Amino acid sequence: MPKIEIDSESGFCFGVTTAINKAEEKLAEEKTLYCLGDIVHNGMECDRLREMGLVTINHDDLAHLHDVKVMLRAHGEPPETYALAHRQNIEIVDTTCPVVLQLQRRIKKQYDSNPEAQIVIFGKNGHAEVLGLVGQTQNKAIVVENINDVQLLDFNKDIYLYSQTTKSLDEFHLIIAYIQSHISPEATFRSFDTICRQVANRISHVAAFAKRHDLILFVSGGKSSNGKVLFDECKRVNPNSHQIESASEIDLSWLEGVASIGICGATSTPKWLMEDCRKLILHTVGDEELSKTI
């Protein structure tokens, strides 16, 4: 029987936990609650909450709703969303992560003080959090995903650099170094480390966790930006790492000759999904062991 360890540090971050708890609280009071976008980037958890009455909508749907309650998830929203909700007499249940909310305010303050400067956000284009950040600048902020994007900046103009809260700290430092080496002496450059430490610290932790085991099962939804970063780190230190969304995706051939299995996940991965993986393995391996003794 292989040893199985579920990473104690994996699972929902503070912001996601707050949003999930608030959704469950509201759904206990009423049959239906609308949520603008997936409450978490994990299909299995979204399915669980949908069965409880959570209805996921998009921005087009929001424009046609009136006199209802709509939850804003941890990723945050741009100012236009709040303005639309006010016009439609929609009650907002705001679960924007405090870290994201603080970042939105910082970017808005910077933009208001110097609207001609380049406000640059290191993040994923189209990501919900990034859309909310860009919205603080009347959609004028520049999003860079990598060093290649940074090369397109105007280094003769002031640059104020921020980061999506779940991005890699190492990549952020590389971008800072590149801008520092190219910025004009006449221009101002300021960088602000806005990466959430609860997320950033998981990178080194998950690397150490992955090294301890023969096989890593990384449980994460395909939409999770944080999940991609953490899985890539698992794969880097332990090539025998597999990303799955649920226990049903476990290939039993992966278990052959394995003495130690580590199960971990993203900040959007519920603990119950990782526990489901452990139970399936124990059940499968236990049945095999039993058949050998008969």
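Residues numbered from 1 in each chain as written. Predicted model: local features only at pLDDT ≥ 70, side-chain atom pairs only at ≥ 80, totals over all residues. Heavy atoms only, no water.

Draft legend 1. Region of interest: the overall build of the chain. Looking only at helices and strands, the chain has 11 helices and 12 strands in total. Dimensions of the chain, computed from the C-alpha atoms along their principal axes, are close to 80 × 50 × 25 Å. Relative to its 294 residues, the chain shows a buried fraction of 51%. Summed over its atoms, the accessible surface of the chain is roughly 14300 Å², and 50% of this surface lies on carbon and sulfur atoms. (Helix = DSSP H or I, 4+ residues; strand = E, 2+ residues; numbered from the N terminus. Buried < 20%, exposed > 50% of the residue type's maximum accessible area, 1.4 Å probe, protein only. Areas by Shrake-Rupley, 256 points an atom, 1.4 Å probe, with all protein chains shown as cover.)

Draft legend 2. Quick peek at the packing of aromatic side chains. Within this structure, the stated rule accounts for 4 aromatic pairs. Consider the rings of Phe155 and Tyr178, whose centres lie 6.2 Å apart with planes at 55 degrees: the pair is tilted. You can see Phe155 sitting in the loop between helix 7 (147-150) and strand 8 (159-163) and its partner Tyr178 sitting in helix 8 (residues 169-182), a full 23 residues away along the chain. Comparing Phe155 with Tyr178, the two get one shared label, buried. With a centroid separation of 4.7 Å and an interplanar angle of 15 degrees, the aromatic rings of Tyr162 and Phe192 are classed as stacked. One end of the pair, Tyr162, is in strand 8; the other, Phe192, is in the loop between strand 9 (189-191) and helix 9 (197-211), and 30 residues separate them in sequence. (Phe/Tyr/Trp six-rings, centres within 6.5 Å; stacked < 30°, edge-to-face > 60°.)

Draft legend 3. Examining the packing of helix 9 against helix 10 (residues 225-237) more closely. Contact geometry for helix 9 and helix 10: axes closest at 8 Å, N-to-C directions at 30 degrees. It follows that helix 9 is roughly parallel to helix 10 by the angle criterion. Crossing of helix 9 against helix 10: the hand is right-handed. Note on element contacts: helix 10 touches helix 9 through Asn226, Val229, Leu230, Glu233, Cys234 and Val237, opposite Val199, Arg202, Ile203, Val206, Ala207, Ala210 and Lys211. Here the residues of the contact of helix 9 with helix 10 sort into 9 nonpolar, 1 polar and 3 charged. (Axes fitted to C-alpha atoms, helices over the stretch in contact; angles between N-to-C directions. Parallel < 35°, antiparallel > 145°, perpendicular 65-115°, else oblique. Left-handed = near helix turned anticlockwise from the far one by under 90°. Contact = heavy atoms within 4.5 Å. Nonpolar A, V, L, I, M, F, W, Y, C, P; charged D, E, K, R; others polar.)

Draft legend 4. Summary view of helix 4 (residues 79-87). If you check which residues of helix 4 are buried, you get Thr81, Leu84 and Ala85. In an axial view of helix 4, the angular spread of the buried residues amounts to 100 degrees, which keeps them on one side of the axis. With respect to the buried face of helix 4, the exposed residues turned more than 90 degrees away are His86 and Arg87. Where the residues of helix 4 are buried, they touch strand 2 (33-36), helix 3 (59-62), strand 4 (69-72) and strand 5 (91-94). Looking one or two places after helix 4, you find Asn89, whose phi comes out positive at around 55 degrees. (Arc of directions from axis to C-beta.)

Draft legend 5. Region of interest: unusual backbone geometry. You will see that Gln138, though not glycine, has its phi angle at about 55 degrees, which is positive. Locating Gln138 in the fold gives a position in the loop between helix 6 (128-134) and strand 7 (142-144). The exposure class of Gln138 is exposed, given its relative accessible area of 60%. At Asn139, a position not held by glycine, the phi torsion is positive, near 65 degrees. By secondary structure assignment, the location of Asn139 is in the loop between helix 6 and strand 7.

Draft legend 6. Molecular detail of empty space enclosed by the protein. Inspection of the entire model under this criterion finds 1 cavity of 30 Å³ or more. Taken as a whole, the largest cavity spans an internal volume of roughly 30 Å³. Along its surface, the largest cavity is lined by Asp7, Glu9, Ser10, Arg202, His205, Val206, Leu230 and Gly265. Of the residues assigned to the lining of the largest cavity, the class counts are 2 nonpolar, 3 polar and 3 charged. (1 Å grid on protein atoms, 1.4 Å probe; cavity = no way out; pocket = protein on both sides within 12 Å on 5 of 7 lines; lining within 4 Å. Points joined across faces, edges and corners; volume = space filled by probe spheres on them.)

Draft legend 7. Highlighting the nonpolar core. Counting 18 residues, the largest nonpolar core has Val150, Leu153, Ile159, Leu161 and Ile179 as the members making the most contacts within it. Elements that contribute at least two residues to this core include exactly strand 6 (118-122), strand 8 and helix 8. Ranked by residues supplied to this core, first place goes to helix 8 with 5 residues. Listed in part, the 17 residues of the second largest apolar core include Ile4, Ala247, Leu273 and Val285. (Core = buried A, V, L, I, M, F, W, Y, C linked by side-chain atoms within 4.5 Å.)

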